Amino acid sequence: MALTYTLGLKRGESLIIRKTRRLPLPGEVLVNKGDKVSYNTEVARLNTPGKFKIIQASDILETKPDFTHLEPYMLKKVGDHVEKGEIIAQRKTLFGLLNKVCIAPTSGTIEHVSDLFYLAGQVMIREPPIPRSVYSYISGTVVDVIPKEGAIIETCGAYIQGIFGVGGEQHGEINVLVDSPDDVLTADIIGNDCRGKILVGGSKIDEEALHRAVDVGVNGIVVGGIKDKDITDFLGYEIGVAITGQEEIGLTLIVTEGFGMMRMANKTFQLLKRFEGKLACINGTTQIRAGVIRPEIIIPREDLNPSVVKKTEKESEVPTEGIRLGVLVRIVVPPNFGALGKVTRIPIELQKTEIESEVRVLEVELEDERRVTVPRTNVELIEDFS
Amino acid sequence: MKIQTMDDKSSGNGQDSKIDLQSIDVILVTDCGSTTSKARFFRRVGNEYRFIAAGEAPTTVEAPFEDVTQGLRNAVREVEELTGHKLLSSDGIISPREGDNEGVDLYVTTSSAGGGLQMLVTGVVRNITAESAERTALGAGAIVIDVLAINDGHETWERIEKMRFLRPDMILFSGGTDGGNFDHVVQIAEILRSGDPKHRLGNMYSLPIVYAGNRVARAKVDEILGTKYSLKFVDNIRPEPQIENLAPARNAIQEQFMEHVMSHAPGYDKLMKWTPVPIMPTPMGEGTMFKAFAEVNKANLIGVGLGGATTNIYSIYNGKFVRSVSANYGMSYSICNILKEAGLKRIMRWIPLQISEDEVLDILRNKMIRPTTIPQTLDQLLIEHGAAREALRMAFQQHKSITKPLVGDLENFGTLRLDDSRDYEKKESYIDLLNVDWLGGTGGLISHAPRKAQSALILIDGFGVEGVTSLFQDSVFMMPHLGVLSSVHRESAVEIFEKDCLVRLGTCIAFKGQLKDHEYGRRIGTVTLTMPDGEKITEEAAYGTIKKIPLKEGEIAIAEIKPEQGFQIMEKGLLPKLVASRTANVHGGAVGIIIDARGRPIDIPEDDDSRREKLEEWFTALDAYPKTS
């Protein structure tokens, strides 16, 4: 039977989602297997060494180069805690008439007093450790603990993959600001009440609206399209190879369809609309290369039973052999970008397209009953999970 | 014409001893590209091996499949549908053959599914060894996604977090001068060990590290990193503070990329089990065939494989074979890197459309985010072809940077004092386009260009060919396939290359030089052609024009070329010289003889309307595209 394969972005209203949360260096895991966690639960913590401050004490105390041993002048010894402004070393000369003091420039612990030749006359203070935490990102259940590193969190919820994004992990209540997936998300409809929220737009957002969202304190935006010029101007630089997610731009942006004015897929829009007011956990990280990472929107759902979802998910696994006659696809290259339709014919032979390319094609019956012929590579499988 | 194929290095399991070469009648070869998986089916017909059918499908490196064998199955399934020959079983490819219509006698494959190269570089001091390391990686065609140095201002945890997030494909580890203290080098090694970044291509993959630091620290580095990473030791890039030695590390990066990054992808382990022959990186397959062709024709040749993630250039010049892989110039995944590096203006200059810059940007970005899609409209096609010209130009520039004349006894720019090495970067390559006989192209965009005049023009414009250059292209993109096939069964590869793969496009006669003030229309040379039937055709080359004279594939005409003052043509050979006129045999092909008087560099009007008009005129002269207005 004729069939083909195409890419498809994942989207579903009840899925099992797992996230590994891991410290960069060994530390303390603060959760146990089976614990219920919220998106902001601290999963693991690490005390990273504080910053190192070096004081050239010999210069301050005006000891001669050949008398660089500091020990006689030290008021504090290695291991002692010192407060900022505290005197740590003192040298009195001329029978006590001249008093040179070395003051701690920061609070911390004396880690080293150097009498080595090449580090002579230095006192080193280590500032207090800085705690680094890893949070759970999604609310759910701890299903596994990675000793000293972190945990794996599982949740049941809705899941939408975007096509491209910028910015990292963010959270917020979903707020759909437009009436339809065709509408443009403009600056004037972003009010102060949008602070901390994840805004949903329709077909496009522009640079002005992005700046407005940052000013208001919006946490994230999900929208169908954006013009390249707007995102380049907003970021202040041009993206080369698509490896994103570390931008510090004040919010996370997820584009579901592509560049330009792109009507958001109706099902995506309806899904977001259905969960308006609920918490969304989003991540704009995108890496388009082998081992692709696409941006994601996760909406944890407490109303679902994980064991039921797992069973359903197994039964409705993605077909592994691609597109067959009758399946739903979406055209992803103009003309007809975004149009949905049913595959009605998969001819075997190469066919000549409008630009004279000889390629393999599909015939698709669109929602408006038009039949169009499209290169097989220019459609996406609609992967909907119940 | 007989082609002697050459052996090349390849990676994989090396079980080819099991193959009975005498009884091979049915052959399947695949190439798992970054964007498209291509299956080519060959069989013995009478006394000769011929190409029978092709199947193509998007490469499946992305969810939900994340397994390249799935894309290959889809490509092979297309071959099954077209031929009625059963090839697939649940375990892979059916082999040995069972009867006339089931299975194959030989299945081999190439791969470049791993795509581009993004590197992390390290050094002890940010503006000394780390800077040299960064320059080395950029020179090798990589994108540097992060620079780690002891004095980079970051804490250890920050470095590790970043490393894990970015998932580098390879690490260039430099630091310290030879024989110096190596405490900091050890410190970096410890960070890399703790970092343990998960590779984007899965757990079976061992992340390559090229160590080009203090020589005396090698044993310690090996002790710390040897078990976790695939370590390659090369000469120090800064053996002394004032000396920089980039070439060994740069070459090692290219080799490691080709052998360990490019060919790997999710599902690679499965694919290895499908074939008894080691999987060959695509550029090795392509390079094998270009080299063989140049050797047989005793010619200077430049070849290009224009892929989705990378552009591979091969030169066989005065017998010397050099291959470069520009790891981030490609027509799908890397198309926006072409945009970034070349700039929009340079791409726009090849597009004869009334289209805004914003629209072009969006079209290029949409190709990047959906890399497996293909153009459906003339706008999209012309924009991709514009980007292709720039990819070729920049990749050739990179190739020239590693084909420089020898300095003393050092090949390329071996060990040089810092100031000298920076001057050396500016020196020209030993490749002189006036002395190149053949230019050949393969890759999806070139092989699948709707008209042959399109691929001819892309090659001419991208490289800016000069003098008399014969052009050819791969018919349906099977050069990598034939390259890997030739490593096992030369006879069939050679026969198929000559009969079914090689498409001669014709010969380009291009005058080198430019006229000031765009004096379009002024005569810059004369070409007198003696056609195979004896007819004489004299063409005056008017500046700013291009034209074609039909000459069929297999036919040869004699061209007498006389450039006007200020324009160059060259008598070719080992000791080439500029001459006032020359006579050359010119080969025909699908396009014919192209007389290119557009100047070198090609003189494109700067004013938008004039530029569009000129492009339209050139495209029309070659009947390259359907009318755009």
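Residues numbered from 1 in each chain as written. Chains lettered and ligands numbered in written order. Predicted model: local features only at pLDDT ≥ 70, side-chain atom pairs only at ≥ 80, totals over all residues. Heavy atoms only, no water.

**Concerning the overall build of chain A**
Along chain A, the regular secondary structure elements total five helices and 32 strands. A globule of 386 residues ought to have a C-alpha radius of gyration of about 21 Å, yet chain A, at 30 Å, is considerably larger. Referenced to the eigenvectors of the C-alpha coordinate spread, the extents of chain A come out at roughly 105 × 45 × 45 Å. Classification of the 386 residues of chain A by burial places 52% in the buried group. Restricting to contacts in chain A with at least 6 residues of sequence separation, those with at least 24 account for 65%. Carbon and sulfur atoms form 50% of the exposed surface of chain A, whose accessible area is close to 17700 Å². (Helix = DSSP H or I, 4+ residues; strand = E, 2+ residues; numbered from the N terminus. Rg over C-alpha atoms; globule rule 2.2 N^0.38 Å. Buried < 20%, exposed > 50% of the residue type's maximum accessible area, 1.4 Å probe, protein only. Contact = heavy atoms within 4.5 Å. Areas by Shrake-Rupley, 256 points an atom, 1.4 Å probe, with all protein chains shown as cover.)

**Re the overall build of chain B**
Across its full length, chain B carries 18 helices and 28 strands. The C-alpha atoms of chain B give a radius of gyration of 25 Å, which matches the 25 Å a tight globule of 629 residues would have. Here the C-alpha coordinates of chain B stretch approximately 75 × 65 × 50 Å along the principal axes. The burial tally for chain B puts 63% of its 629 residues in the buried class. Summarising the internal contacts of chain B: among those between residues at least 6 apart in sequence, 71% fall at separations of at least 24.

**Observations concerning the interface of chain B and chain A**
Taken residue by residue, the interface counts 65 residues in chain B and 73 residues in chain A. For the chain B and chain A pair, buried surface summed over both sides reaches about 6000 Å², with 54% attributable to carbon and sulfur atoms. Ranking the residues of chain B by area buried against chain A places W157, R370 and Q376 of chain B at the top, with a combined share of 14%. For the pair chain B and chain A, the interface holds six salt bridges. Here R376 of chain A ties to E78 of chain B by a salt bridge, and the two come within 3.0 Å at their closest N and O atoms. For the interface between chain B and chain A, the tally reads 19 residue pairs in polar contact (both at pLDDT 80 or more). Among the elements that make up the side of chain B that touches chain A, the one with the highest residue count is helix 3 (residues 156-166) of chain B (eight residues). Looking at the side of chain B that touches chain A residue by residue, the classes come out as 29 nonpolar, 16 polar and 20 charged. (Buried area = accessible area lost by both parts, 1.4 Å probe. Salt bridge = Lys/Arg side-chain N within 4 Å of Asp/Glu carboxyl O. Polar contact = N/O pair within 3.5 Å; in protein donor to acceptor, adjacent residues only side chain to side chain. Nonpolar A, V, L, I, M, F, W, Y, C, P; charged D, E, K, R; others polar.)

**Considering the domain arrangement of chain A**
When cut into domains, chain A gives domain 1 (52-126), domain 2 (163-294) and domain 3 (318-385). Computed over C-alpha atoms, the centres of domain 1 of chain A and domain 2 of chain A are 54 Å apart. (Domains from an automatic or database assignment.)

**Overview of the sheet that holds strand 29 (residues 361-366) of chain A**
Residues and elements named next belong to chain A. Spatially, five strands are ordered 30-29-26-25-31 in an open sheet, and the strand pairing comes out antiparallel. Edge positions in the sheet fall to strand 30 (371-375) and strand 31 (379-381), since each of these pairs with one other strand and no more. Ignoring which end each strand starts from, the neighbouring axes of this sheet average 45 degrees apart. In this structure, strand 25 (residues 328-331) lies alongside strand 31, joined through three bridges in antiparallel fashion. Residue V329 lies in a different strand from strand 31, and its bridge partner there is L381. (Pairing = 2+ DSSP bridges. Axes fitted to C-alpha atoms, helices over the stretch in contact; angles between N-to-C directions.)

**Digging into the packing of aromatic side chains**
Residues and elements named next belong to chain B. Enumeration according to the criterion identifies 16 aromatic pairs over all chains in this entry. Among the aromatic residues, ring-to-ring pairing joins F290, F293, Y314, W438, F472 and F497 into one connected group. Over the ring of W618 we find R598; its NZ or CZ atom is 5.0 Å from the centre of that ring. (Phe/Tyr/Trp six-rings, centres within 6.5 Å; stacked < 30°, edge-to-face > 60°. Lys NZ or Arg CZ within 6 Å of the ring centre and 35° of its normal.)

**As for the side chain of S470 of chain B**
Mapped onto the elements, S470 of chain B comes out in strand 19 (residues 467-474). Setting aside chain neighbours within four positions, we find S470 of chain B in contact with D437, W438, L439, G506, T507 and H587 of chain B.

**Looking at helix 4 (residues 183-195) of chain B**
Each α-helix turn comprises 3.6 residues. Residues three or four places apart therefore point the same way. Residues and elements named next belong to chain B. For helix 4, with 13 residues, the first-to-last C-alpha span of 18 Å sits near the 18 Å given by 1.5 Å per residue. Residues V185, V186, I188, A189, I191, L192 and G195 constitute the buried set of helix 4. In this structure, the buried residues of helix 4 make contact with strand 7 (118-123), strand 8 (143-149), helix 3, strand 9 (170-173), strand 10 (208-211) and helix 5 (218-225). Trailing helix 4 by a residue or two, D196 shows a phi angle of about 40 degrees, which is positive. (Expected span 1.5 Å × (residues − 1).)

**Some points on the domain arrangement of chain B**
Residues and elements named next belong to chain B. The domain architecture assigned to chain B consists of domain 1 (21-112), domain 2 (118-262) and domain 3 (284-621). Every contact between the two is made by 25 residues of domain 2 and, on the other side, 21 residues of domain 3. Across the domain 2/domain 3 interface, buried area totals approximately 1800 Å², and carbon plus sulfur atoms make up 51% of it. When residues of domain 2 are sorted by the area they lose upon contact with domain 3, E244, R250 and M258 head the list and together hold 26% of the total. Inspection of the region where domain 2 meets domain 3 yields one salt bridge. Here domain 2 and domain 3 share two residue pairs in polar contact (both at pLDDT 80 or more) between them. For the side of domain 2 that touches domain 3, the secondary-structure elements that each account for two or more residues are helix 2 (129-139), strand 12 (243-244) and helix 6 (247-262). Top contributing element to the side of domain 2 that touches domain 3 by residue count: helix 6, with nine residues. For the side of domain 2 that touches domain 3, the residue count by class is 11 nonpolar, seven polar and seven charged.

**Digging into the pairing of strand 25 of chain A**
The pairing of strand 25 of chain A with strand 26 (residues 340-345) of chain A spans three bridges and is classified as antiparallel. Directly across from V329 of chain A, in strand 26 of chain A, lies its bridge partner G341 of chain A.

**With respect to helix 15 (residues 452-463) of chain B**
Residue and element names in this part refer to chain B. The terminal C-alpha atoms of helix 15 lie 17 Å apart, and with 12 residues this matches the ideal 16 Å at 1.5 Å per residue to within 8%. Taken across its 12 residues, helix 15 has 11 buried, putting it largely inside the fold. Listed in full, the buried residues belonging to helix 15 are A453, Q454, S455, A456, L457, I458, L459, I460, D461, G462 and F463. The positive-phi residue at the C-terminal boundary of helix 15 is G464, with phi of around 65 degrees.

**Focus: the nonpolar core**
Ranked by internal contacts, the top residues of the largest apolar core, which has 122 residues, are F164, I221 and L253 of chain A together with F463 of chain B. The greatest single-element share of this core, amounting to 11 residues, is contributed by helix 12 (residues 378-401) of chain B. With sequence-adjacent residues up to four places away left out, I221 of chain A is seen in contact with L185, L199, I205, L210, A213, L251, T252, L253, I254 and I282 of chain A. L106, A137, V147 and I253 of chain B belong to the second-largest nonpolar core, a separate cluster that totals 58 residues. (Core = buried A, V, L, I, M, F, W, Y, C linked by side-chain atoms within 4.5 Å.)

**A few points about a nonpolar patch on the surface**
There is a patch of nonpolar side chains on the surface, built from L75, I87 and I103 of chain A and spanning about 250 Å² of accessible area. As for its placement among the helices and strands, I87 of chain A is situated in strand 7 (residues 87-93). (Patch = residues over 30% accessible without salt bridge, like charges linked within 9 Å, V, L, I, M, F, W, Y side chains within 5 Å.)

**Structural notes on the sheet that holds strand 9 of chain B**
Residues and elements named next belong to chain B. Here we have five strands laid out as an open sheet, ordered 8-7-9-10-11, and parallel in their pairing. A single partner strand is all that each edge strand has here, and the edge strands are strand 8 and strand 11 (230-233). Taking the axes of each pair of neighbouring strands and ignoring which way they run, one obtains an average angle of 20 degrees across the sheet. Alignment of strand 7 against strand 9, held across four bridges, turns out to be parallel. Residue pairing across strands places L120 opposite I171, the latter belonging to strand 9.

**Remarks on the state of the cysteines**
Residues and elements named next belong to chain A. Per the counting criterion, the structure on display carries zero disulfides over all chains. C194 takes part in no disulfide bond, and the closest cysteine sulfur to it belongs to C281, at a distance of 19 Å. A residue is classified by how much of its surface remains accessible, and C194, at 1% relative accessible area, is buried. Exposure remark for C281: the relative accessible area of 0% places this residue in the buried category. (Disulfide = S-S within 2.5 Å.)

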